[in-house]
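Commentary on secondary and tertiary structure
Letter by letter, the chains look like this.
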Amino acid sequence: MFLNKEEELMLQGEYGSGAKIAMEIILKLGDYYNAENTIEIKNVQISGISYKNLGEYGLDLLKKFSDSKVRVPSFLNPIGFDLDFPTFFTDDNNFIKGQMEILNIFRSIGAQQTLTCTPYYIIEPKFGDHIAWAESSAIVYANSVLGARTNRESGISALASAITGRAANYGLHLNEGRKATIKINFDFKPEYFDYAVTGLYLGSKIKNGIPYFQGLENNKDALKSLGAALNSSGSIPMFHAEGITPEYFSAISDSLEIITLSRTELEDFRKSLIYSVDPDVVMLGCPHLSKEEIKNIAIFLKNKKIKHGKELLLFTSRKIKDEALDYINEIKHSGARVFTDTCMVVSPVQEKYSVIGLNSGKATYYVGRDKKIFFADIKTLLEMVTDEN
Ligand code: F3S
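Residues numbered from 1 in each chain as written. Predicted model: local features only at pLDDT ≥ 70, side-chain atom pairs only at ≥ 80, totals over all residues. Heavy atoms only, no water.

Glancing now at unusual backbone geometry. Note on backbone geometry: most residues besides glycine have negative phi, and most peptide bonds are trans. With omega at -10 degrees, the peptide bond leading from C286 into P287 counts as cis. Examined against the element boundaries, P287 turns out to sit in the loop between β10 (281-284) and α11 (291-301). Even without being a glycine, K207 presents a positive backbone phi close to 70 degrees. A positive phi angle is found at D341, which is not glycine, with a value near 75 degrees. Here D341 shows up in the loop between β13 (337-339) and β14 (355-358). (Helix = DSSP H or I, 4+ residues; strand = E, 2+ residues; numbered from the N terminus.)

Take empty space enclosed by the protein next. As enumerated under the stated definition, the model contains one cavity of 30 Å³ or more in all. Approximately 140 Å³ is the volume attributed to the largest cavity. Taken together, 15 residues form the lining of the largest cavity, with Y192, S225, C286, E293 and N359 sitting closest to its centre. Of all the secondary structure elements, the ones that give two or more residues to the lining of the largest cavity are α8 (192-206) and α9 (220-233). Considered class by class, the residues forming the lining of the largest cavity number eight nonpolar, four polar and three charged. (1 Å grid on protein atoms, 1.4 Å probe; cavity = no way out; pocket = protein on both sides within 12 Å on 5 of 7 lines; lining within 4 Å. Points joined across faces, edges and corners; volume = space filled by probe spheres on them. Nonpolar A, V, L, I, M, F, W, Y, C, P; charged D, E, K, R; others polar.)

On to the sheet that holds strand β8 (residues 240-241). The sheet built from four strands is open, its strands ordered β8-β7-β6-β9 with parallel pairing. The sheet terminates laterally at β8 and β9 (258-261), the two strands that pair on one side only. Relative to strand β7 (residues 211-213), strand β6 (residues 182-186) is paired through three bridges, and the arrangement is parallel. Looking at the pairing, I182 lines up with P211 of β7. (Pairing = 2+ DSSP bridges.)

A word on the nonpolar core. Within soluble globular proteins, side chains that are nonpolar tend to cluster in buried spots. One finds F106, M283, L312 and M344 to be the most contacted residues of the largest nonpolar core, which totals 123 residues. Examining the composition of this core, we find that eight residues originate from one element, α8, more than from any other. (Core = buried A, V, L, I, M, F, W, Y, C linked by side-chain atoms within 4.5 Å. Buried < 20%, exposed > 50% of the residue type's maximum accessible area, 1.4 Å probe, protein only.)

The ligand sits among N77, P78, C117, E135, S137, G285, C286, P287, C343, V345 and K362. More than half of the atoms belonging to the ligand lie within 2 Å of the grid points that define the largest pocket. Broken down by class, the residue content of the shell around the ligand amounts to six nonpolar, three polar and two charged. Among the domains, domain 1 (5-175) and domain 3 (273-388) are the pair contributing at least three residues each to the shell around the ligand. (Near = heavy atom within 4 Å. Sits in = over half its atoms within 2 Å of the grid points. Domains from an automatic or database assignment.)

Bringing the environment of N53 into the picture now. Summarising the element assignment, N53 is placed in helix α3 (residues 51-63). Distance in space between the C-alpha atoms of N53 and S347 is 9.2 Å, their sequence separation being 294 residues. When neighbours within four sequence positions are excluded, N53 is seen to be in contact with G48 and V346. (Contact = heavy atoms within 4.5 Å.)

Here α3 contains 13 residues, and its C-alpha end-to-end distance of 14 Å is more than 12% below the 18 Å for a straight helix at 1.5 Å per residue. The principal kink in α3, of about 70 degrees, is found at Y57. Listed as buried for α3 are Y51, G55, G58, L59 and L62. Tucked into the core, α3 has its buried residues touching α5 (93-109) and α7 (155-164). With a side-chain oxygen positioned 3.0 Å from the backbone nitrogen of K52, the residue opening α3 is S50. (Expected span 1.5 Å × (residues − 1). Bend = angle between axes of the 7 residues up to and from the residue. Polar contact = N/O pair within 3.5 Å; in protein donor to acceptor, adjacent residues only side chain to side chain.)

With that out of the way, let us pick up the side chain of K224. Structurally, K224 can be placed in helix α9. For K224, a relative accessible area of 3% gives the class buried. For K224, the side chain forms a polar contact with the side chain of Y121, separated by 3.1 Å. Contacts of K224, omitting those with residues within four sequence positions, involve T118, Y120, Y121, Y141, P287, H288, L289, S290 and E293.

Structural data, given as structure tokens:
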């Protein structure tokens, strides 16, 4: 892979040992994927930063970069607890200490403490922007809804991009890497929750590639949910939605295989994932809730209270929480709790409960590995844990 003078200097250690390792990572990736050169990127999203994921081994690795500074705006994924309520999530002091050490390293290298998987609510990338994002749900949203360009980075390769300001130029950064590989349509009109079920089902069915969907609506929350699920049960960093994805018209060819999904097929799949219909807790916000989603939950919870013995936990970013403060206050009035900085997957919170109600395909994929789950639409879930006031 061709390197310019500055990149050569980074590789030689002229910018410090962290930048040297970072450039080595970019070079290795570039060589592996036959990239001809690097590309400058606008911003970075670094995932895998919960102490639950990193542990001591990851923390040691991270320390190798502590003499570095990020060159582009760099956002962080959720961590292992809400910074305002750590003990709600864990009573393990080592966990809290380890997590704070991770955050301090990121602070010292200049990463922004956004702690959300929805960085596009903080800075929305523009069509054609090259970025390096590692959060799997955000990658799909950026590529498919916004038309920005990112590969499916790992936490460590995203960190390397943050420090060098560059990514190897291959895959989804190139036009030819963004062509659709399979066509998907529906024999019914999918509604909001169908997007999560479709993503989970299709990801496990086709595993990889770039689906081209016909019949989706331009509902950004539903598309967020679809992408998050697709890139969990499958390795699918992008889809095209006809009439929605900015470059959809140049992605399709006549020779593609077609899959037609029916409501029966999706409903049978959803039912196959359910182990109990009596959740003791409902958790919403995977990916983190948007302002619109919070508003709709607040409207539902008006004049309702959480049932005795049940809990409702919501997850969002600090930015959205600040913007939706009136709705959040209404939600809290019902007895539900709203958390920031973390989520039901990257924190240890799931250990406290027996059966977890979820409307997210991605959370169902991960939480369902260890816990009994009830996977259903948001209205059904909210009705199960609330009473009239
Ligand atoms: Fe976000 Fe956690 Fe889901 S990081 S996408 S809420 S697993």
